[in-house]
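Descriptive analysis of the structure
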Amino acid sequence: MADSAAGSMKSLLQFLKLVGQLKRVPRTGWVYRKIENPESVSDHMYRMAVMAFLVKDQQLNKDRCVRLALVHDMAECIVGDIAPADNVSKEEKHRREKEAMEQLTRLLSADLKKEVYELWEEYEGQSSAEAKFVKDLDQCEMILQALEYEELEKNPGRLQEFYDSTAGNFSHPEIVQLVATINEERNSNIAAARSEPQS
């Protein structure tokens, strides 16, 4: 009995160490845009989980949204953050991440293995209102981060492609409002920069 408990603790430790690598996996999109000190995948997932926690929509299962946010990019601790610019097909990306999730969840007890893997599948398949909401969060968090990088660099408008790639993709009313607020702040930053006298 003691042996199996020790064994399961060792597996859990291995799982936690693997997931901990997400702290050291930089988000590829920012690396390609030469952002100084780009955020990690876990930075992104953490703020998404906070955003999910703050949702007001009573129709959504908030707890499930937080869990989906925490699991949706978990495979990246093994496969890395595969970006569109990497020219990996959606099918191949999904295959690699599915394999990684199977490898990761094997380290968990049977009930947790099932829960974590099914949450990941739910997000990938966009098979629930919660999964669709978390997909909105994923893209909203990205453009919020882009806004912050533009502000930090004092270079409003530099990361336009992130806004272009997500325009029209948002459907949840709370996220649509937040995106509008992000765009408003960004547009006023751009306008202010244009009206500054050139040195």
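Rules and cut-offs
- Residues numbered from 1 in each chain as written.
- Predicted model: local features only at pLDDT ≥ 70, side-chain atom pairs only at ≥ 80, totals over all residues.
- Heavy atoms only, no water.
- Helix = DSSP H or I, 4+ residues; strand = E, 2+ residues; numbered from the N terminus.
- Buried < 20%, exposed > 50% of the residue type's maximum accessible area, 1.4 Å probe, protein only.
- Lys, Arg positive; Asp, Glu negative; His and termini not counted.
- Salt bridge = Lys/Arg side-chain N within 4 Å of Asp/Glu carboxyl O.
- Polar contact = N/O pair within 3.5 Å; in protein donor to acceptor, adjacent residues only side chain to side chain.
- Contact = heavy atoms within 4.5 Å.
- Expected span 1.5 Å × (residues − 1).
- UniProt positions renumbered as here; feature names shortened; annotations may be inferred.
- Phe/Tyr/Trp six-rings, centres within 6.5 Å; stacked < 30°, edge-to-face > 60°.
- Lys NZ or Arg CZ within 6 Å of the ring centre and 35° of its normal.
- Axes fitted to C-alpha atoms, helices over the stretch in contact; angles between N-to-C directions.
- Parallel < 35°, antiparallel > 145°, perpendicular 65-115°, else oblique.
- Left-handed = near helix turned anticlockwise from the far one by under 90°.
- Nonpolar A, V, L, I, M, F, W, Y, C, P; charged D, E, K, R; others polar.

**Observations regarding the side chain of Asp-138**
Mapped onto the secondary structure, Asp-138 falls in helix H8 (residues 129–153). Buried within the structure, Asp-138 lacks any salt-bridge partner; Lys-135 is the closest side chain of opposite charge, at an N-O distance of 4.3 Å. Among the polar contacts listed, one links the side chain of Asp-138 to the side chain of His-72, at a separation of 3.4 Å. When near neighbours in sequence (up to four residues on either side) are disregarded, Asp-138 contacts His-44, Met-48, His-72, Asp-73 and Tyr-123.

**Concerning helix H10 (residues 173–195)**
Look at H10: 33 Å from first C-alpha to last across 23 residues, which is about the 33 Å you get at 1.5 Å a residue. Those residues of H10 not exposed but buried are Ile-175, Val-179, Ile-182, Arg-186 and Ile-190.

**Side note on the UniProt feature "domain: HD" (unreviewed entry) in the chain**
Per the UniProt record, "domain: HD" (unreviewed entry) is found at residues 41–143. The span residues 41–143 is 72% helix and 0% strand, and its two end C-alpha atoms sit 15 Å from each other.

**Some points on the environment of Ser-89**
Checked against the element boundaries, Ser-89 lands in the loop between helix H5 (76–79) and helix H6 (90–105). Taking C-alpha positions, Ser-89 is 14 Å from Val-79, a pair spaced 10 residues apart along the chain. Within the structure, the side chain of Ser-89 is placed 3.0 Å from the backbone nitrogen of Glu-92, a separation counted as a polar contact.

**Let's talk about the packing of aromatic side chains**
Pairs of aromatic rings are described using the distance from one ring centre to the other and the angle between the two planes. Counting across every chain of the model gives 3 aromatic pairs. With centroids separated by 5.0 Å and ring planes inclined at 75°, the aromatic side chains of Trp-30 and Tyr-149 adopt a geometry described as edge-to-face. Residue Trp-30 is found in helix H2 (residues 28–32), and its partner Tyr-149 is found in helix H8; the two are separated by 119 residues along the sequence. Under the relative-accessibility criterion, Trp-30 is labelled buried at 2%. Measuring from ring centre to ring centre gives 4.5 Å for Trp-30 and Phe-162, while their planes differ by 35°; the resulting arrangement is tilted. Linking Trp-30 in helix H2 with Phe-162 in helix H9 (residues 160–166), this pair joins segments that are 132 residues apart in sequence. Taking the relative accessible area as the measure of exposure, Phe-162 reaches 8% and is therefore buried. Grouping aromatic residues by their ring pairs yields a cluster made of Trp-30, Tyr-149 and Phe-162. The side chain of Lys-62 reaches across the aromatic face of Phe-53, ending 5.0 Å from its centre.

**Description of unusual backbone geometry**
Apart from glycine, the bulk of residues carry a negative phi angle, and the bulk of peptide bonds sit in the trans form. The backbone of Asn-37 shows a phi angle near 50°, a positive value even though the residue is not glycine. For Asn-37, the position within the fold is in the loop between H2 and helix H3 (41–53). The class of Asn-37 is exposed, set by a relative accessible area of 66%. Although it is not a glycine, Gln-126 adopts a positive phi angle of roughly 50°. For Gln-126, the position within the fold is in the loop between helix H7 (110–125) and H8.

**A word on the packing of H8 against H10**
Between two packed helices, both the angle of their axes relative to each other and the distance between the axes serve to describe the pair. Put simply, H8 and H10 touch, their axes get as near as 10 Å, and they point 15° apart. Relative to H10, H8 is oriented roughly parallel. The chirality of how H8 crosses H10 is left-handed. Each of Phe-133, Asp-136, Leu-137, Cys-140, Ile-143, Leu-144, Leu-147, Glu-150 and Glu-151 in H8 lies in contact with H10, whose residues at this interface are Ile-175, Leu-178, Val-179, Ile-182, Glu-185, Arg-186 and Asn-189. Split by residue class, the contact of H8 with H10 holds 10 nonpolar, 1 polar and 5 charged.

**Focus: H8**
With 25 residues, H8 ought to run about 36 Å at 1.5 Å a step, and its terminal C-alpha atoms sit 36 Å apart, in line with that. A large share of H8 lies buried, amounting to 18 of its 25 residues. Backbone geometry just after H8 places Lys-154 at a positive phi near 55°.

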